[in-house]
Amino acid sequence: MEKKVLTTPIQRKDLEGIKAGDIIYLTGHITTCRDVAHRRLIELGRELPVDVRDGAILHAGPIVRELGEDTFEMVSVGPTTSMRMEKFEYDFVKETGVRLIVGKGGMGPNTERACKEFGALHLVFPAGNAVLAATEVEEIESANWRELGMPETLWTCRVKEFGPLIVSIDTEGNNWFEQKKVEYNAKKEEVLESIYQEVKFIK
Amino acid sequence: MNKEEQVLRMTKIVSDFVGHVAKVLPDDVQEKITELANDERNPLAKTIYATMKENMKLAKELSRPSCQDTGVLQYWVKVGANYPLLGELESILRNATYQATQETPLRHNCVETFDEYNTGKNIGTLAPYILWDIVPDRDDVEIFPYMAGGGCSLPGSGKTLMPGEGYEGVAKFVLDLMTSYGLNACPPLLIGVGVATSIDTAALLSKKALMRPVSSVAPNERAAKMEQLLEDGINSLHIGPQGMGGDKCLLGVNIEHGARHPSVISVAVNVGCWNHRRGHMVFDKDGQCTILSHSGVTY
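Thresholds, definitions, all that
Residues numbered from 1 in each chain as written. Chains lettered and ligands numbered in written order. Predicted model: local features only at pLDDT ≥ 70, side-chain atom pairs only at ≥ 80, totals over all residues. Heavy atoms only, no water. Helix = DSSP H or I, 4+ residues; strand = E, 2+ residues; numbered from the N terminus. Buried < 20%, exposed > 50% of the residue type's maximum accessible area, 1.4 Å probe, protein only. Areas by Shrake-Rupley, 256 points an atom, 1.4 Å probe, with all protein chains shown as cover. Lys, Arg positive; Asp, Glu negative; His and termini not counted. Charge placed at Lys NZ, Arg CZ, Asp CG, Glu CD. Pairing = 2+ DSSP bridges. Axes fitted to C-alpha atoms, helices over the stretch in contact; angles between N-to-C directions. Parallel < 35°, antiparallel > 145°, perpendicular 65-115°, else oblique. Left-handed = near helix turned anticlockwise from the far one by under 90°. Contact = heavy atoms within 4.5 Å. Nonpolar A, V, L, I, M, F, W, Y, C, P; charged D, E, K, R; others polar. Core = buried A, V, L, I, M, F, W, Y, C linked by side-chain atoms within 4.5 Å. Salt bridge = Lys/Arg side-chain N within 4 Å of Asp/Glu carboxyl O.

K.L.:
Is there a simple way to explain the overall build of chain A in this structure?
P.N.:
When its secondary structure is counted, chain A shows five helices and nine strands. Ordering the α and β elements of chain A from the N terminus gives β-β-α-β-β-β-α-β-α-β-α-β-β-α. Dimensions along the principal axes, computed over C-alpha positions, put chain A at roughly 70 × 40 × 35 Å. Every one of the 203 residues in chain A was classed for burial, and the buried ones make up 58%. About 8,700 Å² of surface is accessible on chain A, with carbon and sulfur atoms providing 47% of the total. With 27 positive and 34 negative side-chain charges, chain A shows a spacing of 4 Å between the two charge centroids.

What follows is the structure in C-alpha cells.
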C-alpha cells in the first residue's frame, strides 16, 4: 500500500476520506505544544507565539541539545498522554485552526467535536519510539516560550515523513480508542467468567 | 584495590550500565517482542512492531535513550550479609544515578514533592529509590536497575480485598486495570502482580515481580496457573500494541506472593511498558562485575 503523506499547510478537504485506524505520515511543520501552552491560550487568553493554522501540533516534551545560539538538535522526542489536553482541545482547535493533533493514547468528546466541526484529526505516534521520531525531524526552526523549560517550550520542527501516525479521531468524530474499548470490555466479562471457575482457591 | 578505589570503580560501572539499560533492552524483552511481532497478523499492529524494531536499532546505533522518558531510577538490591561494601551501597547507587544522568544523558525527572521543584539532577529525597533484601551467608550483591516512565507508572494501584472476593477479585482487579489505564501504558506490557497481606506488602511484591524475566514462571503451582490464566485471558481481548488492537498485548504476567492475614487478601499491580528497561548485575566481594540481563556486556 502506498504511504499516505500529508504536507502542511493542510486544508479541510485534504483530510476527507481519512478514517480512524488509517496510517498517515506528515511532511512540513509540527510544533510541540502541551499542558502549559494549552492553559495559556485557553485559560489566560494569551496568543500562541506560533501560527499553527492549517498546521500540526505534537503533545510531547522532547530532549533537545542546544548547539549554539538558537540552533538546536532534536535528540529524543516521543508523544505524551494526549488526554491531559482534552479539557482544552475543543477551544484550542477553534482558536488556532490547527489540523493535526499528534500525541499518545485516545482523547474524548471535546476533541471529537472539534475534529468534526473544524476539520481536524487526532493521531497517535507509537509511544516509546523517541529516537526514530527524532531522526524524522530535519531541523528545529524555532523555539518559543523558552521560559517554560525544555519539555514545555514550543519547538517548531521541520519534519519529513514524520510517522507512522495512526488516526485516533477522524473528521467525522469517529474515535478509534472508544470503539476498541467497547470491544475489549465486552470480551472481558466473558474472559473473567471463565477465569473465576479456575481460581476458587479459597474453599 | 583499596576500598575507596573499589567504590569509585563500582560507581562508574553502575553508571555506565544504567546508561546502557536506557538504550538497549534486556535479552528476554528483545526476544519476547520479536516473538510477538512475528506472530502478529493485524496490519496496524505490524506497523507498530516495525516502528519499535527500527527504534531499538536506531537507539543502539546512535547511542541515545530509546524512550525520552527515562523515569525515576529504582534499584532492587539483594545484598549478601557479608558483602564488604554494604554500608557504601546507597551512596554508590545515588552517585551512579547522577553520573549516568549527565553522561547518557537521562531526562531530569526528579520533582521534590510539596516543595514542587525539579532538582535538575535526577536525584532527590529518597530518589533513586532502593529496595533492600539482605541475603544470609552470601558475600556478593545483585543489583537490578530499573527505569519506568510516567506512562507505565500511572496504572500502578492496589486494593485490599475481603477474602469473600477471593482470587476471583484479584483477577477482576487486574483485568479492569488492563482495559482502562493499561491501554495507555504502552503495551505490550509486563504485568507485575503482588498478592499478600496489607497493601504495602502487595505493592512491594508487584514491583519485584517486574524484575523477573518476562517468560519466567512462578514456583508455586497455583500462582503459575494464575499467571497463565491472566496472560491468556488478557491476550484474548486483542488489545494489541499501543492498545490500538491486534493479537496479543502482553510480554507476560509475573505474580509474587506472600502469606496473608485470614481477614484480608491484598492485590497490587505495577506494569512495565514494552520498553522495559530493567538490568541485572552482580558484583562479587572483590568488585568483579557480571551482567546477567544483557548478553555481550562486560565491565
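K.L.:
Please explain the pairing of strand S1 (residues 72-80) of chain B as it appears in this structure.
P.N.:
Residue and element names in this part refer to chain B. As paired strands, S1 and strand S5 (residues 141-148) are joined by eight bridges and run antiparallel to one another. Bridge pairing links Trp 76 to Phe 144 in S5. Sheet analysis places S1 next to strand S4 (residues 129-135), joined by seven bridges and oriented parallel. Bridging across to S4, Tyr 75 finds its partner in Ile 130.

K.L.:
Just to check I follow, could you spell out the sheet that holds strand S7 (residues 189-196) of chain B for this structure?
P.N.:
What links the strands of a sheet is backbone hydrogen bonding, and the strands pair in either a parallel or an antiparallel sense. Residue and element names in this part refer to chain B. Within the open sheet, the four strands sit side by side as S6-S9-S7-S8. Their pairing is mixed. Here the strands that pair on one side only, and so sit at the sheet edges, are strand S6 (157-161) and strand S8 (250-257). Adjacent strand axes in the sheet meet at a mean angle of 15° when their direction is disregarded. Here S7 pairs with strand S9 (residues 265-272) via seven bridges, running antiparallel. Across the sheet, the residue bridging to Val 193 is Val 269, located in S9.

K.L.:
Just checking my understanding: could you explain the packing of helix H2 (residues 86-96) of chain A against helix H3 (residues 109-118) of chain A for this structure?
P.N.:
Helix packing for two helices is described by the angle between their axes and how far apart those axes are. Residue and element names in this part refer to chain A. The contact between H2 and H3 brings their axes to 7 Å, and the two run at 15°. One element, H2, and the other, H3, form an angle in the roughly parallel class. Crossing angle aside, the handedness with which H2 passes H3 is left-handed. Touching Glu 86, Lys 87, Glu 89, Tyr 90, Val 93 and Lys 94 of H2 are Pro 109, Asn 110, Thr 111, Arg 113, Ala 114, Glu 117 and Phe 118, all from H3. Per-class residue counts for the contact of H2 with H3 are five nonpolar, two polar and six charged.

K.L.:
What is the right way to read the nonpolar core from this model?
P.N.:
Nonpolar side chains in soluble globular proteins tend to end up buried together. All names here are of chain B. Counting 65 residues, the largest nonpolar core has Ile 191, Val 193, Met 226 and Leu 230 as its most contacted members. Sorting elements by how many residues they give to this core places helix H6 (residues 166-179) first, with eight residues. Not counting chain neighbours up to four residues away, the residues in contact with Val 193 comprise Val 174, Leu 205, Ser 206, Ala 209, Val 253, Asn 254, Ile 255, Glu 256, Val 267, Ala 268 and Val 269.

K.L.:
Hey, could you run me through the pattern of salt bridges in this one?
P.N.:
Any two side chains of opposite charge can pair, given that their charged atoms come close. This model, assessed by the stated rule, comprises 36 salt bridges over all chains. With a shortest N-O distance of 3.5 Å, Glu 152 of chain A and Arg 34 of chain A are connected by a salt bridge. Remark: Arg 34 of chain A occurs in the loop between strand S2 (23-32) and helix H1 (35-42) and Glu 152 of chain A occurs in the loop between strand S8 (137-144) and strand S9 (154-169); sequence separation between them is 118 residues. The residues Glu 152 of chain A and Arg 34 of chain A share a single accessibility class, namely buried. Asp 247 of chain B is the salt-bridge partner of Arg 41 of chain B, the closest N and O atoms lying 3.2 Å from each other. Taken together, the positions of Arg 41 of chain B in the loop between helix H2 (27-39) and helix H3 (43-62) and Asp 247 of chain B in the loop between helix H8 (221-235) and S8 put the pair 206 residues apart, joining distant regions of the chain. The class for Arg 41 of chain B is exposed, based on a relative accessible area of 64%. Residues participating in the shared-partner salt-bridge network are Arg 34, Asp 35, Arg 84 and Glu 152 of chain A.

K.L.:
Explain H2 of chain A here, please?
P.N.:
Because an α-helix packs 3.6 residues into every turn, residues spaced three or four apart end up facing the same way. All names here are of chain A. Turning to H2, its buried residues are Glu 86, Phe 88, Glu 89, Tyr 90, Phe 92, Val 93 and Thr 96. Close packing links the buried residues of H2 with H1, strand S3 (56-58), strand S6 (100-103) and H3. One or two residues past the end of H2 sits Gly 97, with phi positive at roughly 70°.

K.L.:
What's the story with the environment of Val 174 of chain B in this structure? I'm lost.
P.N.:
By the secondary structure assignment, Val 174 of chain B is in helix H6. When near neighbours in sequence (up to four residues on either side) are disregarded, Val 174 of chain B contacts Ile 191, Val 193, Leu 230, Ile 234 and Val 269 of chain B.

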